[in-house]
Amino acid sequence: MIVLIKTLQVILALSILIILHEFGHFTFAKLFRIRVEKFYLFFDIGDKRLCRFKIGETEYGIGWLPLGGYCKIAGMVDESMDLESLKQEPQAWEFRTHPAWQRLLVMAGGVLYNFIFAILVYCAIMGIWGKAYISNEDSHIIVNELAYDMGFRDGDHIISFDDYHPENFGMLQADLARRNVRKAVILRGSDTLDIYIDHAMIGEVLNSPLMFDLALPFVIDSVASVSAIEAGLLKGDRVCAIGGREVQYLHQARPILQEFAGDSTVLSIVREDGQALDIKVAVDTSATIGVTIRNPNICIERYSLLSAIPAGWKLTVETIGGYLDDLRLLAKPSTGAYKSVGSFIAIGQVFPSSWDWYQFLNILALLSIMLGVMNLLPIPGLDGGHILFVLYEMVTGRKPSEKFLVAAQYLGFLLIILLMLLAFGNDIGRLIH
């Protein structure tokens, strides 16, 4: 069931973004009276398609190959590779006969719509839910194997990465990868220590899930069961030991409580007034003691309808900047960041296992930005490649020949296929391991 829910979310999100992107090309083409011959979600190879219908001069449909979509513009060298039409006499309604500035806007329309859509979604999120994050102030980390190898330890508090003092606990791993960090300053107990970062491990940082988890102190927020009330547990009690074994954080308590499931044990606690007590408690068969734990330090910034607009704009710009930083890491083979490239499988793992509008819209906005930025890459076959050739024409006054554009398109296809193979290969490798 979880796989089905994630799959449906991926299909819905990508369908929205593909239609939106291609509609950007479509609207600018129509604005300049350029004929659009086809508008398709997914690809229709040969005569195979799920559905189609025609309105005016444009055929609309859904293809059977879910690897994107396309808007076939007359007189343009694009992914359809319709070379026969290019052999005909140029027509006034074709892409190739229009001024360079109009062709530039047609090609940039998809990316423009992606960015505008991200801004609108982030504005809506800010206006409805606000910006919520776990504050890094007074937060401590649980480390995975990679973080341990780098020198971090459970219970450390990260003070700074070089001169940057992180505020958002959830962005610690991304900050470590993106900011070219040389030194992390951490608080371990009462000691301040420096951890020097090995940049050969940055690729692993991008690939390592949950490098820094949140270490929650075992402080009782509420007493929820009769047995816990009868035992004398109170809100604010801090559990320091279970069955004589020292416990500082919740994740350390879980395996110990599991040993006493269905039995009882003794908790060593410290009250808010400093009083130390040993209390015998019952542990149920699910290894819980009938209490809830105090929530982490969650910061929520609320916005009015008007203030949500600049907040959404700011978040979009920050997200674009962060994704560009990720691409810069990918461009350096020495970092091994290319191993983090993923396909639809990786995208599916990002979505929650149950429907959540807040998470869905956040992921949708992020994917829209990723789609826009990726399409700006100057690779033939992507919008960025077309834009590059049009800009060259506008600067030099010389238009690339159609033969050159066709050859560049084939080269672009090859690069895109290689990138897709890398992405699927990485995903399969992650699933195997």
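One structure accompanies this document, and this report is about it. The shown structure was predicted, so the numbers you read here are calculated from the model rather than taken from an experiment. (Residues numbered from 1 in each chain as written. Predicted model: local features only at pLDDT ≥ 70, side-chain atom pairs only at ≥ 80, totals over all residues. Heavy atoms only, no water.)

Regarding the pattern of salt bridges
Logical step 1: Under the counting rule described, the total for this entry stands at twelve salt bridges.
Logical step 2: The salt bridge partner of Asp44 is Lys38, with a shortest N-O separation of 3.4 Å.
Logical step 3: Here Asp44 falls in the buried class, since its relative accessible area comes to 9%.
Logical step 4: The class of Lys38 is partly exposed, set by a relative accessible area of 22%.
Logical step 5: Residues participating in the shared-partner salt-bridge network are Lys30, Arg35 and Glu57. (Salt bridge = Lys/Arg side-chain N within 4 Å of Asp/Glu carboxyl O. Buried < 20%, exposed > 50% of the residue type's maximum accessible area, 1.4 Å probe, protein only.)

A word on the layout of surface pockets
Logical step 1: The space that makes up the second largest pocket amounts to roughly 340 Å³.
Logical step 2: In terms of lining residues, the second largest pocket is bounded by 17 residues, among which Asp138, Pro217, Val219, Arg294 and Asn295 are the most central.
Logical step 3: Split by residue class, the lining of the second largest pocket holds seven nonpolar, six polar and four charged. (1 Å grid on protein atoms, 1.4 Å probe; cavity = no way out; pocket = protein on both sides within 12 Å on 5 of 7 lines; lining within 4 Å. Points joined across faces, edges and corners; volume = space filled by probe spheres on them. Nonpolar A, V, L, I, M, F, W, Y, C, P; charged D, E, K, R; others polar.)

A short note on unusual backbone geometry
Logical step 1: In this model, Arg33 sits at a positive phi of 60°, which is unusual for a non-glycine residue.
Logical step 2: Among the structural elements, Arg33 can be located in the loop between α1 (2-31) and β1 (36-43).
Logical step 3: What makes Arg33 exposed here is its relative accessible area of 71%. (Helix = DSSP H or I, 4+ residues; strand = E, 2+ residues; numbered from the N terminus.)

A short note on the environment of Arg238
Logical step 1: Positionally, Arg238 belongs in strand β12 (residues 238-242).
Logical step 2: Put simply, Arg238 and Ile269 are 31 residues apart on the chain and 5.3 Å apart in space, counted from C-alpha to C-alpha.
Logical step 3: Setting aside its immediate chain neighbours within four residues, Arg238 contacts Pro217, Phe218, Val219, Gln248, Ser268, Ile269 and Val270. (Contact = heavy atoms within 4.5 Å.)

Describing the nonpolar core
Logical step 1: Core analysis: the largest hydrophobic core is formed by 31 residues, its most contacted members being Phe351, Leu364 and Val373.
Logical step 2: Of all the elements in the fold, those that place two or more residues in this core are α1, β1, α3 (100-128), α9 (308-330) and α11 (357-375).
Logical step 3: Aside from chain neighbours lying at most four places away, what touches Phe351 is Lys6, Gln9, Val10, Ala13, Phe360, Ile363 and Leu367.
Logical step 4: Within the second largest apolar cluster, 24 residues are counted, among which are Leu146, Phe161, Met201 and Val205. (Core = buried A, V, L, I, M, F, W, Y, C linked by side-chain atoms within 4.5 Å.)

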